[in-house]
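Here are the chains, one letter per residue:
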Amino acid sequence: MPFREIETTQLSKEQIEIIELPTKGRVIISGPPGSGKTILALLRLNKIDQELKSDSTGLVMYNRMVRMETIQAARHLKLKNASSRPTSYAEWMATALSHMFGEKITRDQLFEPGAKAIGKPNWSLIKKMLNERTLIQDSKRWVVVDEGQDFPGEFYEFLYEYWPNVTIFADDNQSIGSDGSTIESISQHLARTVHMTVTTNFRNTKETAAFAEHLYTKGIGGSPGKTPESTPRGNKPEMFQVETDRDLAANFCRRVVADLLDRKQQPDHALLTATETNRRKMFDLVKEEWLKAVDARKPTAEERGRMATIVELIQEYVPERLKRPKIGSPGVFIMTMNAAKGCEFESVTLNTKGVNERWAGLDQKKMLYVACTRSRGDVRIGVISTNAEIQLQTPEALRSIPDTVLTRSWLLAKVQKDLAEQLPDGLELPAVNDRVRHRLFGLGIVTKVITGKPITLEVDFGIKGNRTITAQSVEAVSHEV
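First, a word on what this report is: a plain description of the structure on this page. (Residues numbered from 1 in each chain as written. Predicted model: local features only at pLDDT ≥ 70, side-chain atom pairs only at ≥ 80, totals over all residues. Heavy atoms only, no water.)

Focus: the overall build of the protein
The helix and strand inventory of the protein stands at 15 helices and 18 strands. Sorting the 481 residues of the protein into buried and exposed places 53% on the buried side. For the protein, the accessible surface area stands at approximately 22000 Å², while carbon and sulfur atoms represent 50% of it. (Helix = DSSP H or I, 4+ residues; strand = E, 2+ residues; numbered from the N terminus. Buried < 20%, exposed > 50% of the residue type's maximum accessible area, 1.4 Å probe, protein only. Areas by Shrake-Rupley, 256 points an atom, 1.4 Å probe, with all protein chains shown as cover.)

Quick look at the sheet that holds strand β14 (residues 435-438)
One open sheet holds the five strands; their spatial order is β17-β16-β15-β14-β18, and the pairing between them is antiparallel. Both edges of this open sheet fall to β17 (466-470) and β18 (474-477), since each of them pairs with a single strand only. Strand-to-strand twist of the sheet, defined as the mean angle between neighbouring strand axes without regard to direction, takes the value 45°. One ladder, built from four bridges, connects β14 with strand β15 (residues 442-450); its direction is antiparallel. (Pairing = 2+ DSSP bridges. Axes fitted to C-alpha atoms, helices over the stretch in contact; angles between N-to-C directions.)

What to know about the pattern of salt bridges
Taken as a whole, this structure holds 25 salt bridges when the rule is applied. Through salt bridges with shared partners, a single ionic network connects R203, D268, E344, E346 and R376. (Salt bridge = Lys/Arg side-chain N within 4 Å of Asp/Glu carboxyl O.)

Comments concerning the packing of helix α4 (residues 89-101) against helix α6 (residues 153-162)
The interhelical angle for the contact between α4 and α6, taken along N-to-C directions, is 25°, at an axis separation of 13 Å. With respect to α6, the axis of α4 lies roughly parallel. The handedness of the crossing between α4 and α6 is left-handed. Within the contact between the two elements, α4 uses Y89, W92, M93, A96, L97 and M100 and α6 uses F155, F158, L159 and Y162. (Parallel < 35°, antiparallel > 145°, perpendicular 65-115°, else oblique. Left-handed = near helix turned anticlockwise from the far one by under 90°. Contact = heavy atoms within 4.5 Å.)

Topic: the pairing of strand β16 (residues 456-460)
Bridge analysis of β15 against β16 gives five bridges, and the strand direction is antiparallel. Of the residues in β16, the one forming a bridge with I445 is D460. Sheet analysis places β16 next to β17, joined by five bridges and oriented antiparallel. Following the sheet pairing, L457 is matched in β17 by I469. As consecutive antiparallel partners, β16 and β17 are separated by five residues, and within that stretch G462 has a phi angle of approximately 70°, a positive value.

Considering the environment of S84
Take S84: it is sitting in the loop between α3 (64-76) and β3 (86-88). Relative accessible area serves as the criterion here: at 45%, S84 is assigned to the partly exposed category. Once the C-alpha coordinates of S84 and I71 are considered, the two residues, 13 residues apart in sequence, prove to be 7.6 Å apart. Here N81 takes part through its backbone oxygen, which lies 3.0 Å from a polar atom of the side chain of S84. (Polar contact = N/O pair within 3.5 Å; in protein donor to acceptor, adjacent residues only side chain to side chain.)

A few points about helix α5 (residues 123-132)
All of the buried residues along α5 are W123, I126, M129 and L130. Taken around the axis of α5, the buried residues stretch over an arc of 120°, which confines them to a single face. Turned more than 90 degrees off the buried face of α5, the exposed positions are S124, N131 and E132. (Arc of directions from axis to C-beta.)

Describing the nonpolar core
Residues L272, M335, M337, L350 and I381 are the most contacted members of the largest nonpolar core, which totals 37 residues. At the level of elements, α8 (206-212), β8 (268-273), β10 (331-336), β11 (347-351), α13 (361-372) and β12 (379-384) are the ones that each hand at least two residues to this core. In terms of residue count, α13 provides more of this core than any other element does, six residues in total. Once residues lying within four places of it in the same chain are set aside, the contact partners of L350 are L248, L272, M337, L368, A371, C372, R380, I381 and G382. (Core = buried A, V, L, I, M, F, W, Y, C linked by side-chain atoms within 4.5 Å.)

Quick word on the pairing of β10
Taken across its six residues, β10 has six buried, putting it largely inside the fold. By the alternation rule, side chains of β10 split into G331, F333 and M335 and V332, I334 and T336, which are all buried. Bridge count between β8 and β10: six bridges; the pairing is parallel. Each residue of the ladder has a partner; that of L272, found in β10, is M335. As paired elements, strand β9 (residues 314-316) and β10 share three bridges and run parallel to each other. Counted as the bridge partner of Q315 is F333 from β10.

In structure tokens form, the structure reads like this:
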């Protein structure tokens, strides 16, 4: 849930500073995933309520999934009329225009015939309404906007003209729509804004944040952010290879079942796909493979019963039927990467089939950035490919990410095979950051492992420099030495 990353009794200094900003005027707050922007939006809304002694201020949200979660967060914070406060783009525009015109404007009036399903108001119609009607003058207009990078420029032109008190939360690096805005363009549209940032990432492990840094597109918003010192260490994100969709579904089920049985983590694990077609396919396959994965563990009767009940908690997001899974409650969640924006889960597995076809360049980096930073724990990236085509099917944005932050499991398997052929029994291959001893160069730290025949290592030997040597020529040294 979006309010999991912080509790209201544990706000950081920079978060408190943002909540205490004057409510009048125009403010932009930027920050990375997991920095608490959604909870801060709700706390900002609560502050405005208290000052105005009213609950008429809206919280405008673009993503339907996040809006449903935020309603739960509003109830958690005991906001008055909590279930109606987070509103959609079109719903808020209809309410705002009704207030300005002194007459009821319905949501349907903001769409061209046949365009309602896409949820994006028609700005030509809205501008025509504004030109044809007499407006009620009222300077007491406040609004809070979350995921502000997803709204178009016309929305901010409207706010500049008619809405004097605006607080916007945004992150350029999470802009995944073609008609969204940048923080710079929002500032230009609104003029004379105050811009503040939150920088701490309360959600991701240090390893996920380090990986996400390589997908960060350098827009305004704060990168993946700094993780607190108290953030636990986790596993490096892993990219693995399978040959079919069913193989990926089976792999996902085995990993989640093992996690639930071994670590007893809260069961909210997500499988995210690039396309709706693949989302539907993976939903069916996961339901088919789940009990097979349970049986493979040879569970006790109690474990079997517990894992069998989760079959009923395998949920999908079906936008065409507005079917929304209950994020934050126990379950396994299957949805597209787009739909998961703003959500968070114990672990995230990506099915990258179709990523290269759907996105390229910065758009691909942004989508993968958003998808991977949904995780509070492990990130796993599945590539469906034969061995011969693995490089081609790997998402372009991930091909150059260093092994220091991303484990490529198929390469590890190749290394182990090569090792069995090259290294004496009982000798293990050093990993990056391991200490080793060479008979000529002495003690050093491994900086890179290079697969092949022979397997070689790049080692920093301090004053003797960086050397490339064979794995056979060194021995591991305990970190205590």
